Amino acid sequence: MFAPNLAPIPELYVSYESAQKLKVEAADLVSHDLTPRQICDLELLMNGGFNPLKGFLSEADYDGVVENMRLESGALWPMPITLDVNEDFAAKLELGQDIALRDQEGVILATMTVTDRWEPNKAREAEMVFGADDDAHPSVNYLHNQAGKIYLGGPVTGIQQPVHYDFRGRRDTPNELRAYFRKLGWRKVVAFQTRNPLHRAHQELTFRAAREAQANLLIHPVVGMTKPGDVDHFTRVRCYEAVLDKYPASTTSMSLLNLAMRMAGPREAVWHGLIRANHGCTHFIVGRDHAGPGKNSAGEDFYGPYDAQDLFHTHQDEIGIEMVDFKHMVWVAERAQYEPMDEIKDKDDVTILNISGTELRRRLAEGLEIPEWFSFPEVVSELRKTRPPRSKQGFTVFFTGFS
């Protein structure tokens, strides 16, 4: 049983006055334009979501994280948080030099003191962090084909958080969520991590998880970078908002997490737990094949279905958050309700129904019916706006070469 700790956690931001002064001074610094993934990482570094990290990993910390999920201090941390840059940029820098970190519009977000510069063994990183050096894994593909060849490490000084123009009222820092839980008197909070729309099975699953833990529920979807091909976050958030009304009043809240997922399965589950502990949660739902990227080059799953739960359970005490097993919920037609598959005693005598993600996409693409037992009409309506059937899709013709 984990006691809630809702005291504020350290942030890396300086005061408003210091930030204004830093902005002026940073005009003379060498600048690095951050990639979308680096912006996600920087935001969670600055607001305490990645506590205890104080910046991008040093080489010693990186080596410890890759080899045994430990920082040099011994603290548990499973995911390399590194600032990757190209060789030309790295060659211009001296150790101890400050650089300005800017978003893609040139707005300065932070400064960083470069304490480390090295060329990592990316094949080793892929093997240890993702389980295989296989380009079929989206993060391994990113590592080899998009990430810079050189890593920089060093502490970060936060000037301002990245600007988000969408769903501003839904984006909470760890300390804002902790204050919210204190205000409502929520002593136990179970977090649900998701990168997909919520359907009736998810609603039943999360409701049961909160009831079993005697906790309130935080729906905490990722709106940073997820798996290529996922439903866009604008549509997903509208779907989540439609589902919120289905929960009992005052029991459930939703906040958006600007995280760049790595789809690293077991390590990712531990990482997600540490992030939710920083946000003030006491329980975390870990799914079957949690954060799995799908099939490898040989057509087999990258991770076993319960690898993530096993690794999380091993480190649960150190993470400081209690794992709640994700139950596979199916619709039992005769009883007109969702039940956990492994708790149905009369499987041979009842009709068990379920619709896979692939089948759902097929039905959307072909304009077929999606039954109400599977999803809420409001959610289906939002999905159909984004993914209309072929018969209702148009096309664009570009005429080029004219004056």
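To be clear, the structure that these remarks concern was listed above.
Residues numbered from 1 in each chain as written. Predicted model: local features only at pLDDT ≥ 70, side-chain atom pairs only at ≥ 80, totals over all residues. Heavy atoms only, no water.

## Describing the overall build of the protein
Summing up its helical and strand segments, the protein has 14 helices and 15 strands in all. The C-alpha radius of gyration of the protein comes to 22 Å, within 12% of the 22 Å expected for a compact globule of 403 residues. Taking all 403 residues of the protein together, the buried fraction comes to 52%. For the protein, contacts bridging at least 24 residues in sequence account for 72% of all contacts bridging at least 6. Per element, the accessible surface of the protein, about 18900 Å² overall, is 48% carbon and sulfur. For the protein, the separation between the mean place of its 44 positive charges and that of its 58 negative charges on side chains is 6 Å. (Helix = DSSP H or I, 4+ residues; strand = E, 2+ residues; numbered from the N terminus. Rg over C-alpha atoms; globule rule 2.2 N^0.38 Å. Buried < 20%, exposed > 50% of the residue type's maximum accessible area, 1.4 Å probe, protein only. Contact = heavy atoms within 4.5 Å. Areas by Shrake-Rupley, 256 points an atom, 1.4 Å probe, with all protein chains shown as cover. Lys, Arg positive; Asp, Glu negative; His and termini not counted. Charge placed at Lys NZ, Arg CZ, Asp CG, Glu CD.)

## Observations concerning the environment of Leu205
Relative to the elements of secondary structure, Leu205 occurs in helix H8 (residues 200-213). In this structure the C-alpha to C-alpha distance between Leu205 and Arg335, which are 130 residues apart in sequence, comes to 17 Å.

## Looking at the nonpolar core
With 71 residues, the main nonpolar core has Phe50, Trp77 and Leu101 as its most contacted residues. Per-element tally for this core: the top contributor is helix H10 (residues 266-278), with six residues. Setting aside chain neighbours within four positions, we find Phe50 in contact with Asp41, Leu44, Leu45, Trp77, Ile81, Leu259, Trp271, Ile275 and Asn278. In this structure, Ala213, Leu217, Val324 and Val379 belong to the second largest nonpolar core, which totals 36 residues. (Core = buried A, V, L, I, M, F, W, Y, C linked by side-chain atoms within 4.5 Å.)

## Here's the deal with unusual backbone geometry
The omega torsion across Asn51 and Pro52 is 20 degrees, close enough to zero to call that bond cis. Its identity is not glycine, yet Phe167 carries a phi of approximately 50 degrees, on the positive side. Structurally, Phe167 can be placed in the loop between strand E7 (150-158) and helix H7 (174-184). Residue classification places Phe167 among the partly exposed positions, given a relative accessible area of 21%. Even without being a glycine, Gln214 presents a positive backbone phi close to 50 degrees. Inspection of the secondary structure assignment puts Gln214 in the loop between H8 and strand E9 (216-219). For Gln214, a relative accessible area of 67% corresponds to the exposed category.

## A short note on the packing of aromatic side chains
Inspection of the entire model under this criterion finds 14 aromatic pairs. With a centroid separation of 5.5 Å and an interplanar angle of 50 degrees, the aromatic rings of Tyr62 and Trp118 are classed as tilted. On the criterion of sequence distance, the pair formed by Tyr62 in helix H3 (residues 59-68) and Trp118 in strand E6 (residues 116-118) is long-range, its members being 56 residues apart. When its relative accessible area of 4% is taken as the criterion, Tyr62 is described as buried. (Phe/Tyr/Trp six-rings, centres within 6.5 Å; stacked < 30°, edge-to-face > 60°.)

## A closer look at the sheet that holds E9
One open sheet holds the five strands; their spatial order is E10-E9-E8-E11-E12, and the pairing between them is parallel. Two strands close off the open sheet at either side, each with one partner strand: strand E10 (252-254) and strand E12 (322-325). The mean angle between the axes of side-by-side strands here comes to 30 degrees, regardless of whether they run parallel or antiparallel. Across three bridges, E9 lies against E10 in parallel orientation. Across the sheet, residue Leu217 finds its bridge partner in E10, namely Thr252. Set on the sheet, helix H9 (residues 233-244) makes contact with E9 and E10; between it and E10 the angle comes to about 165 degrees. (Pairing = 2+ DSSP bridges. Axes fitted to C-alpha atoms, helices over the stretch in contact; angles between N-to-C directions.)

## Digging into the environment of Val190
For Val190, the location among the structural elements is in strand E8 (residues 189-192). Judged by its relative accessible area of 0%, Val190 falls in the buried class. It is 7.1 Å that separates the C-alpha atoms of Val190 and Ile285, two residues lying 95 residues apart in sequence. Here Val190 is in contact with Ala210, Ala215, Asn216, Leu217, Leu218, His283, Phe284, Ile285 and Val324, once residues within four sequence places are set aside.

These values are about where atoms sit, not about what they do.
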